[in-house]
Amino acid sequence: DQNFCMGALAQERHLTHVCLSILEEAPFCTPSLREIGEAEAVLILGEDLINTAPMMAANMGTATIQDAANLVEYCNAPVGTKYADLRASHGVKDPYGVKYWCLGNEMDGPWQIGHLEAAEYGLKAREAAKMMLWHDSDIKLVLCGSSNSKMSTYPEWDRVALELCWDQIDYH
């Protein structure tokens, strides 16, 4: 944590403090966008701050494929579109340039709100991927796999989801 704080620019240290407070208190030691928001997450986790690339996750459970595309537009489109203009109204004119996007997370888990069976997830991820790529063809997409190898659906869940959208994704 100290290296993370020391790497922050002076004007960003207040955001670093917020992030570290969340890290100390959050269940899995990861900040949630509900707690810090997209702008702060990209700033805190962005390449310019700690020489890493942020990875955002599109909600594949309760959100729509349009919501996923809107999030890419918000983060990566130049000013002049609905969601890029919204980003600018939040004080960030330049696109964040988020390159890596997860298509959901642990969607095989019955504990997830909006849990999907493999075929449902694969189809939804494929269509979300198409729409996300329309907004930014340079992004890299990550299909979520089984939460762990002890799941009763493993590895069948992964196989089914991959067969449905392998041609739209970059990583699994």
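Data block above holds the structure.
Thresholds, definitions, all that
Residues numbered from 1 in each chain as written. Predicted model: local features only at pLDDT ≥ 70, side-chain atom pairs only at ≥ 80, totals over all residues. Heavy atoms only, no water. Helix = DSSP H or I, 4+ residues; strand = E, 2+ residues; numbered from the N terminus. Buried < 20%, exposed > 50% of the residue type's maximum accessible area, 1.4 Å probe, protein only. Expected span 1.5 Å × (residues − 1). Polar contact = N/O pair within 3.5 Å; in protein donor to acceptor, adjacent residues only side chain to side chain. Salt bridge = Lys/Arg side-chain N within 4 Å of Asp/Glu carboxyl O.

A few words on unusual backbone geometry. Following Tyr154, the chain continues into Pro155 via a peptide bond in cis, with omega recorded as -5°. Tracing the backbone through its elements, the reader meets Pro155 in the loop between strand E3 (140-143) and helix H8 (156-165). Notably, Glu106 is not glycine yet its phi reads approximately 50°, a positive angle. Relative to the helices and strands, Glu106 is located in the loop between strand E2 (100-103) and helix H7 (118-135). When its relative accessible area of 29% is taken as the criterion, Glu106 is described as partly exposed.

Given a rise of 1.5 Å per residue, 12 residues ought to cover 16 Å, and the 17 Å separating the end C-alpha atoms of helix H5 (residues 65-76) matches this to within 8%. Within H5, nine of the 12 residues are buried, leaving the element largely enclosed by the surrounding structure. If you check which residues of H5 are buried, you get Ala68, Ala69, Asn70, Leu71, Val72, Glu73, Tyr74, Cys75 and Asn76. The distance from a side-chain oxygen at the start of H5 to the backbone nitrogen of Gln66 is 3.3 Å, and the residue carrying that oxygen is Thr64.

Here we take up the pattern of salt bridges. The full count for this structure, using the stated rule, is four salt bridges. A salt bridge links Arg159 to Glu156, with the shortest nitrogen-to-oxygen separation between them at 2.3 Å. Residue Arg159 and its partner Glu156 are both found in helix H8; the two are separated by three residues, about one turn of the helix. Glu156 sits in the partly exposed class, given a relative accessible area of 41%. Through salt bridges that share partners, Arg126, Glu127 and Lys130 make up one connected network.

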